[in-house]
Number of protein chains: 2
Amino acid sequence: MSTSESQEPTLSSEGSETKSKKASKKEAAKLEKQRRREVAAATSATSTLSVEDDPLAVNYGIVPLIELQSKTPANVNDWTRVEALNDSLENKQVLIRGRAQAIRPVGKKMAFLVIRENGFTVQCLVQAQPDLVSPQMVKFAAALSRESIVDVEGVVSIPAAPIKGATQQIEIQVRKLYCVSKAIPTLPINIEDAARSEVEIEKAIQAGEQLVRVNQDTRLNFRVLDLRTPANQGIFRIQSQVGNVFRQFLLAESFVEIHTPKLIAGSSEGGAAVFRLDYKGQPACLAQSPQLHKQMSICGDFGRVFEIGPVFRAEDSFTHRHLCEFTGLDVEMEIKKHYFEVMDVVDKLFVAMFDTLNTKCKKDLEAVANQYPFEPLKYLPNTLRLTYEEGIQMLKEVGVEIEPFGDLNTEAERKLGQLVLEKYGTEFYILHRYPLAVRPFYTMPCYDNPNYSNSFDVFIRGEEIISGAQRIHVPEFLEERAQACGIEVKTISAYIDSFRYGVPPHGGFGVGLERVVMLFCGLNNIRKTSLYPRDPLRIAP
Amino acid sequence: MSTSESQEPTLSSEGSETKSKKASKKEAAKLEKQRRREVAAATSATSTLSVEDDPLAVNYGIVPLIELQSKTPANVNDWTRVEALNDSLENKQVLIRGRAQAIRPVGKKMAFLVIRENGFTVQCLVQAQPDLVSPQMVKFAAALSRESIVDVEGVVSIPAAPIKGATQQIEIQVRKLYCVSKAIPTLPINIEDAARSEVEIEKAIQAGEQLVRVNQDTRLNFRVLDLRTPANQGIFRIQSQVGNVFRQFLLAESFVEIHTPKLIAGSSEGGAAVFRLDYKGQPACLAQSPQLHKQMSICGDFGRVFEIGPVFRAEDSFTHRHLCEFTGLDVEMEIKKHYFEVMDVVDKLFVAMFDTLNTKCKKDLEAVANQYPFEPLKYLPNTLRLTYEEGIQMLKEVGVEIEPFGDLNTEAERKLGQLVLEKYGTEFYILHRYPLAVRPFYTMPCYDNPNYSNSFDVFIRGEEIISGAQRIHVPEFLEERAQACGIEVKTISAYIDSFRYGVPPHGGFGVGLERVVMLFCGLNNIRKTSLYPRDPLRIAP
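Residues numbered from 1 in each chain as written. Chains lettered and ligands numbered in written order. Predicted model: local features only at pLDDT ≥ 70, side-chain atom pairs only at ≥ 80, totals over all residues. Heavy atoms only, no water.

### Observations concerning the overall build of chain A
A count of helices and strands for chain A gives 17 helices and 17 strands. When contacts within chain A are restricted to residue pairs at least 6 apart in sequence, those whose partners lie at least 24 apart make up 69%. Counting every atom, chain A has about 21,200 Å² of accessible surface; 51% of that belongs to carbon and sulfur. (Helix = DSSP H or I, 4+ residues; strand = E, 2+ residues; numbered from the N terminus. Contact = heavy atoms within 4.5 Å. Areas by Shrake-Rupley, 256 points an atom, 1.4 Å probe, with all protein chains shown as cover.)

Here it is, written out as structure tokens:
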């Protein structure tokens, strides 16, 4: 059985070793020798001094691997989070773990470190003092490579002047400093460069200076470094929150979360390009959406379902808003009579989501805006609904002619977004009753005009973000429409047959998670909101 | 803009038609004619009477498609959920929508219907009465096909004797009855048969009776029917709750939800069989786990991450517990010093999950147990932890010899589960310090004996459910271990390089969602807990 609870928590690798009941003296001596060797090697580049000469050598150094191999259980509460460092801790001793973001030696007796943890930063001062901090320890600090992980133990002080270049307004007077993981000396991207806004770069140019601009491809090639910028930390914490609000809202409305297969026989909706593969000798493909299976789950009596999962599109789209793999937020629900019931869910869900993001993700949104400035999204408490006909009429009035039963192109969508913002003061609205011809085969035509359909798109900042509709639930009609759209009915027979066993009228919608985050934050490229994006040219890292 | 809020809510398709402002008289007449034609067709099999003769014909019938094409917005609150029907509604008029689960004519003047919605059932009585219910309406009710979706309007009454064969203890005296979606008359599976327990079937056999037993393959072939059984409704609502507790617990502990790509270059961990495909001319495969990318997200400074997503395994495993596609619950987190920190999360998370399931899913668990009887899971408030050595020692004591640096086979796992239950009174425990040789290359060896590793498996009812470990975070060591395990280092260079930019010690674990539900409910096959399972022989529906 575990002995973790019976062991003493320890503050440092050094302490843990001396306190460990199991560690023999011999082992300890061996370990100490190894540690000193490694510290000597690490400082040798800048010094000929041997740490053997330093009686305070136990206070710093590189933590040997053996110590990091779960040698000693730790009390995780011994560490203070950088985020939690504030003046209430004055004169208290604290232990933090984070990255050495910046290292500034000042002469030979002093070095400043900026330590970063999850986007929060604190300034630490390593200053030579008799019996506390040796000059060798200052040298060790100064020789640390940026982005290395360190444990810093020290006393909290409140500096006289405000600290620039760190988020926390306290300073740590360092007593102990251990390197837990060494970064290579020359990183392919400097976090400082990656975190710089265009505004700063432009300002520098005007001042005759040249600052490094890290391009998108370089960022994505070295994504694990790029992800460390405050903006990226913010983006993916916002993304996590979007998923959370989506789920919590729907669970509270009696929706059931489902997981449908991504490996399917035949193509999921026909039309668009799919990724094909061999499945144990059978031809198969990756689901382009959970459409068919989420509808089948309505046939299976779950009433209201949702899914969050990957969606695969093999299309050759090289735009700012298409990916070959993205995260779909999908909803399907019984309706009593009307597709407005689905739009009601969209309306309440997204208003709740925007409200939550604005209140709960303030710091993250600020971090994004610092690098990529944007105006907060304008939206109404009750989402505006326009028919497609009303939409194209608005465009017509400003001289943009749209084919009445065609679709809006990207340019027209943007223009309409602008007109809606001017007229109604919102950047989030629903456009419904789309022409049938531009919707998938399973879309229910309007009762009064079969050229239109019971469908809708939702727009944020002039870009489409959600697509939804009532579905055809009558199998004979569904077959007819599939044929009319050029789909081989036998490839989707299990789907169509599902409707022969009785099915309530139903509808639903799908949203791209990455698009929600991109457009809420006014970002210019969907690759910024995908952790490891996949596009026609990129399948790594 | 939407006019939904300005329109009157309507109770029935008939009502909605007459109230609709837009419907012209001509259209209404046409509609009524169509409806009568359809009703006549539906009842003609059993009758030569024409509904034209029935002055009460507006009270029943088949809802024409046009009415279901979002002709009239509905007030969804007009419908009462079957689950909500109780004696407080006595003498009140209610409208419900559900499936005609059972239809029992009693002579020509009376028919009983059992209506089911989301697993809840209510008895409805259609009885001929002058000026209210015509004999033709009784005939219409009696001719309904099972599993058809109907709208039933009527008055709630409290029967003198308890109602068998329905979950709700009230009866509805039917006034109006409309068929919203007709099921075909002969279903490939009867829900009654699919919902039957083995115990019932055995009892019947002993009584000389023969009841239909629906086998697994038939169930899966007609999954949308099979899903309608109370047990399956319960299973997937429990599954939804498992995912929810998993996320809520982790979000509260500062974890960030991430989404990693499923399309990757090279094989995700090497070893096991992968699904290969062509990615825009590049060889690619489906991720066998989010292992590498979740670790890279730790390198990217997210500190603590989790993911819920599909996992693909092309292995030819024909067991009760393997699928080719399942839902992975994955966690990765920084650790300060010890893999026990990861085990602490597992411990608290799963105890919280089991507690929540037992309190919040009582009805669902009952529904499962009614068809598939099981004993509630025995678990301790603080999860038992045994080392692998302790485990094989326990087995040795009862004569089961295990190779000390090998793995436990399924049989040994079951035996150990039994011994642990007898000795410690728990069916949920952690076995840690596994032999290094049986773990993936990225597993951190133990500090004191490189034949063991800082890893663990977790067991429920004698079956492995969770695998976790501390990871090797030193790139040179990781390379060495990958090579030793026969993995081509250059195929995972982006992963290994991630550790060159500084990374905190970390660990994590992975769980199969379907296994959690299967073992918590003591089910005998993982196909029961996958909505649309994928195994080497099945890729449909």
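### Thoughts on the relation of the copies chain A and chain B
Rotating chain A by 180° and translating it 0.0 Å along the rotation axis places it on chain B, where the RMSD comes to 0.0 Å. On the angle and the small slide along the axis, the relation comes out as a two-fold axis. Measuring from the rotation axis to each C-alpha of chain A, the shortest distance belongs to L277(A), at 2.6 Å. Mapped onto chain B, 100% of the interface residues of chain A are again interface residues, and the two copies thus contact each other with one and the same surface. (Least-squares fit on C-alpha atoms with pLDDT ≥ 70 in both.)

### Examining the sheet that holds strand β13 (residues 384–387) of chain B
All names here are of chain B. Taking strand neighbours across the sheet as the criterion, the eight strands line up as β7-β11-β12-β17-β16-β15-β14-β13 in an open arrangement whose pairing is mixed. The sheet terminates laterally at β7 (256–257) and β13, the two strands that pair on one side only. Strand direction decides the pairing type here: strand β11 (residues 304–312) and strand β12 (residues 325–334), joined by nine bridges, are antiparallel. The residue of β12 that forms the bridge with I308 is L329. Taken strand by strand, helix α13 (residues 388–397) contacts β13 and β14 (428–432), and its axis lies near 85° from that of β13. Sheet strands touched by helix α17 (residues 513–520): β12, β15 (455–460), β16 (463–470) and β17 (506–512). Its angle to β16, the strand with the most contacts, is close to 135°. (Pairing = 2+ DSSP bridges. Axes fitted to C-alpha atoms, helices over the stretch in contact; angles between N-to-C directions.)

### Here we look at the pairing of strand β13 (residues 384–387) of chain A
Residues and elements named next belong to chain A. A two-sided burial pattern is seen for β13, the buried positions comprising L384 and L386 on one face and R385 and T387 on the other. Two strands pair when backbone bridges link them, and β13 and strand β14 (residues 428–432) are joined in this way by four bridges, in the parallel orientation. The residue bridging R385 from the neighbouring strand is I430, located in β14. (Buried < 20%, exposed > 50% of the residue type's maximum accessible area, 1.4 Å probe, protein only.)

### Overview of the interface of chain A and chain B
Taken together, the contacts link 127 residues of chain A with 127 residues of chain B. Looking only at chain A, the three residues that lose the most surface to chain B are K337(A), Y447(A) and Y501(A), adding up to 9% of its buried area. At the junction of chain A and chain B, the tally comes to eight salt bridges. Residue E257(B) is joined to R247(A) by a salt bridge in which the shortest nitrogen-to-oxygen separation is 2.5 Å. On inspection of chain A and its partner chain B, the count reaches 72 residue pairs in polar contact (both at pLDDT 80 or more). (Buried area = accessible area lost by both parts, 1.4 Å probe. Salt bridge = Lys/Arg side-chain N within 4 Å of Asp/Glu carboxyl O. Polar contact = N/O pair within 3.5 Å; in protein donor to acceptor, adjacent residues only side chain to side chain.)

### Some thoughts on the pattern of salt bridges
Taken as a whole and assessed by the stated rule, the structure comprises 68 salt bridges over all chains. Residue E147(A) is joined to R228(A) by a salt bridge in which the shortest nitrogen-to-oxygen separation is 2.8 Å. Taken together, the residues E147(A) in the loop between α4 (135–142) and β5 (149–157) and R228(A) in the loop between α8 (223–226) and α9 (230–252) connect sequence positions 81 residues apart. In this structure, R99(B) and E147(B) form a salt bridge, with 3.7 Å as the shortest nitrogen-oxygen distance. Residue R99(B) is found in strand β2 (residues 93–106), and its partner E147(B) is found in the loop between α4 (135–142) and β5 (149–157); the two are separated by 48 residues along the sequence. On the accessibility criterion, E147(B) (2% relative accessible area) is buried.

### Things to note about the confidence of the model for chain A
Scored by pLDDT, chain A has a mean of 91; 89% of the residues are at 70 or more. Taken as a whole, residues 43–49 of chain A scores under 50 in pLDDT and shows five contacts with residues more than four places along the chain or in a different chain. (pLDDT = per-residue confidence, 0-100.)

### What to know about the side chain of R515(A)
Secondary-structure assignment places R515(A) in helix α17 (residues 513–520). Those residues in contact with R515(A), other than ones at most four positions away along the chain, are R321(A), H322(A), E464(A), I465(A) and I526(A).

### So, the sheet that holds strand β7 (residues 256–257) of chain A
Residues and elements named next belong to chain A. Read from one edge to the other, the open sheet built from eight strands follows the order β7-β11-β12-β17-β16-β15-β14-β13, with strand pairing classed as mixed. Two strands bound the open sheet, and with one partner strand each, they are β7 and β13. Sheet strands in contact with α9 are β7, β11 (304–312) and β12 (325–334), and its direction is about 155° off that of β11.

### Quick notes on the pairing of strand β3 (residues 110–117) of chain B
Residue and element names in this part refer to chain B. Within β3, eight of the eight residues are buried, which leaves the element mostly enclosed by the surrounding structure. Alternating residues of β3 divide into M110, F112, V114 and R116 and A111, L113, I115 and E117, and every residue in both groups is buried. Direction of pairing for β2 relative to β3: antiparallel, over a ladder of seven bridges. When the bridges of β3 are listed, A102 appears paired with V114.

### A few points about the packing of α13(B) against helix α14 (residues 410–424) of chain B
All names here are of chain B. Closest axis-to-axis distance for the α13/α14 pair is 10 Å, and the angle between their directions is 90°. Between α13 and α14, the interaxial angle falls into the category roughly perpendicular. Listed contacts from α14 to G391, M394 and L395 of α13 are A412, K415, L416, L419, V420, K423 and Y424. Class assignment of the residues belonging to the contact of α13 with α14 gives a composition of seven nonpolar, one polar and two charged. (Parallel < 35°, antiparallel > 145°, perpendicular 65-115°, else oblique. Nonpolar A, V, L, I, M, F, W, Y, C, P; charged D, E, K, R; others polar.)

### As for the packing of α9(A) against helix α11 (residues 340–360) of chain A
All names here are of chain A. Two elements in contact, α9 and α11, have axes whose closest approach is 9 Å; the angle formed by their N-to-C orientations is 140°. On the basis of the axis angle, α9 is oblique to α11. Considering how the two elements wind past one another, α9 and α11 form a crossing that is right-handed. Counting all contacts with α9, which are made through I238, Q241, V242, V245, F246, F249 and L250, the residues of α11 involved are V345, K348, L349, A352, M353, T356, L357 and K360. A breakdown of the residues in the contact of α9 with α11 according to their chemical character gives 11 nonpolar, two polar and two charged. (Left-handed = near helix turned anticlockwise from the far one by under 90°.)

### Quick look at the packing of aromatic side chains
In this description, a pair of aromatic rings is defined by centroid distance and the angle of the planes. All names here are of chain B. With the rule as written, the count across this model stands at 32 aromatic pairs over all chains. When the ring of Y429 is compared with that of F459, the centres are 5.4 Å apart and the planes differ by 20°; the resulting orientation is stacked. Note that Y429 is positioned in strand β14 and F459 in strand β15, a separation of 30 residues in sequence. The two residues Y429 and F459 agree in class, both being buried. (Phe/Tyr/Trp six-rings, centres within 6.5 Å; stacked < 30°, edge-to-face > 60°.)

### A word on unusual backbone geometry
Following A540(A), the chain continues to P541(A) via a peptide bond in cis, the omega torsion being 0°. Checked against the element boundaries, P541(A) lands in the segment after α17. Positive phi, normally seen in glycine, also occurs at N118(B), with a value near 50°. Secondary-structure assignment places N118(B) in the loop between β3 and β4 (120–127). With relative accessibility at 13%, the residue N118(B) sits in the buried group. Even without being glycine, D301(B) reaches a positive phi, approximately 80°. Its place among the elements puts D301(B) in the loop between α10 (291–299) and β11.

### A short note on the side chain of S157(A)
Residue and element names in this part refer to chain A. By the element assignment, S157 lies in strand β5. At a separation of 2.8 Å, a polar atom in the side chain of S157 contacts the side chain of Q173. Excluding residues within four positions of it along the chain, S157 makes contact with I170, E171 and Q173.

### Quick word on the environment of G512(A)
Residue and element names in this part refer to chain A. Within the element layout of this structure, G512 appears in strand β17 (residues 506–512). With a relative accessible area of 10%, G512 lands in the buried category. Sequence separation of G512 and V311 is 201 residues, and the distance between their C-alpha atoms is 9.0 Å. Excluding residues within four positions of it along the chain, G512 makes contact with F326, T327 and I465.

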